[in-house]
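# Coordinates in review
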Amino acid sequence: MTGRDAFNLRPLPASDSEGILVGFLVFCTNPDKDGNYWIPAIMIDEKHQGKGYGKEAMEALIQFMSISNCKRIMIGHRPNNQIARKLYESLGFIKVSEEVIDGEIVRTST
């Protein structure tokens, strides 16, 4: 197995209180070679941003990944995306390096 298939990517819908789809998250159920579990995408529809759906969905995903024995969760964001930076920092993610890697700031769960 190579590429995306090796990490077993899974989508997770993000819904509002009425069950309306407002976005989605994608996460890996298999670790990379260093034992890290990645969240390669979090997307909340523009008209639903700023309402807490992203944070709520991330909290649920982190909890799910934690009980699934994912020891170290990794996520990245573009350097100019301050909203993502604030969200990930509020969830306890810290930078792994000051270096921009593949165009992104990479963070890990603590």
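Higher on the page you've got the structure.
Now for a quick tour of the structure. Remember, it's a predicted structure, so these values are computed and weren't measured experimentally. (Residues numbered from 1 in each chain as written. Predicted model: local features only at pLDDT ≥ 70, side-chain atom pairs only at ≥ 80, totals over all residues. Heavy atoms only, no water.)

Here Asn36 lies in strand E3 (residues 36-39). Polar side-chain contacts of Asn36 include one of 2.9 Å to the side chain of Arg72. Beyond its immediate sequence surroundings of up to four residues, Asn36 is in contact with Asn30, Pro31, Arg72 and Met74. (Helix = DSSP H or I, 4+ residues; strand = E, 2+ residues; numbered from the N terminus. Polar contact = N/O pair within 3.5 Å; in protein donor to acceptor, adjacent residues only side chain to side chain. Contact = heavy atoms within 4.5 Å.)

With that settled, the discussion passes to helix H2 (residues 53-67). Over its 15 residues, H2 runs 21 Å from end to end, which matches the ideal 21 Å to within 8%, given 1.5 Å per residue. Within H2, the full set of buried residues consists of Tyr53, Gly54, Ala57, Met58, Leu61, Ile62 and Met65. Around the axis of H2, the buried residues are gathered within 155° of arc, so they sit on the same side. Within H2, the exposed residues directed more than 90 degrees away from the buried face are Glu56, Gln63 and Ile67. (Expected span 1.5 Å × (residues − 1). Buried < 20%, exposed > 50% of the residue type's maximum accessible area, 1.4 Å probe, protein only. Arc of directions from axis to C-beta.)

Considered as a void within the structure, the largest pocket measures approximately 900 Å³ in volume. If you go around the largest pocket, you meet 31 residues; those closest to its centre are Ile42, Gly76, Asn81, Ala84 and Tyr88. Where the lining of the largest pocket is concerned, the elements lending two or more residues are E3, strand E4 (41-44), H2, strand E5 (72-77) and helix H3 (82-90). A class-by-class count of the residues in the lining of the largest pocket yields 16 nonpolar, 8 polar and 7 charged. (1 Å grid on protein atoms, 1.4 Å probe; cavity = no way out; pocket = protein on both sides within 12 Å on 5 of 7 lines; lining within 4 Å. Points joined across faces, edges and corners; volume = space filled by probe spheres on them. Nonpolar A, V, L, I, M, F, W, Y, C, P; charged D, E, K, R; others polar.)

Another aspect to go through is the pattern of salt bridges. Applying the stated rule across the entire model yields 4 salt bridges. When the shortest N-O distance is used, the salt bridge between Asp34 and Lys33 registers 3.5 Å. Each of the two residues, Asp34 as well as Lys33, counts as exposed. Each of Arg85, Glu89 and Arg107 takes part in one network of salt bridges that share partners. (Salt bridge = Lys/Arg side-chain N within 4 Å of Asp/Glu carboxyl O.)

Bringing the pairing of strand E2 (residues 21-28) into the picture now. Within E2, 6 of the 8 residues are buried, leaving the element largely enclosed by the surrounding structure. Between the end of strand E1 (residues 9-15) and the start of E2, which pair antiparallel, lie 5 residues, with Gly19 showing a positive phi angle near 85°. Of the strand pairs in this sheet, E2 and E4 are connected by 4 bridges, and their pairing is antiparallel. Each residue of the ladder has a partner; that of Phe24, found in E4, is Met43. (Pairing = 2+ DSSP bridges.)

This brings us to the nonpolar core. Counting 22 residues, the largest nonpolar core has Leu25, Ile39, Met58, Met65, Tyr88 and Phe93 as its most contacted members. Put simply, the parts of the chain that give this core at least two residues each are E2, E3, E4, H2, E5 and H3. Not counting residues up to four positions away in its chain, the partners in contact with Phe93 are Met58, Ile62, Ile73, Ile75, Tyr88, Arg107, Thr108 and Ser109. (Core = buried A, V, L, I, M, F, W, Y, C linked by side-chain atoms within 4.5 Å.)

This paragraph deals with the packing of H2 against H3. Close contact between H2 and H3 brings their axes to 11 Å; oriented N to C, the two are set at 40°. Viewed along their axes, H2 and H3 adopt a mutual orientation that is oblique. Pair H2 / H3 crosses with right-handed handedness. Counting all contacts with H2, which are made through Gly54, Lys55 and Met58, the residues of H3 involved are Leu87, Tyr88 and Ser90. When the residues that make up the contact of H2 with H3 are grouped by side-chain class, the tally is 3 nonpolar, 2 polar and 1 charged. (Axes fitted to C-alpha atoms, helices over the stretch in contact; angles between N-to-C directions. Parallel < 35°, antiparallel > 145°, perpendicular 65-115°, else oblique. Left-handed = near helix turned anticlockwise from the far one by under 90°.)

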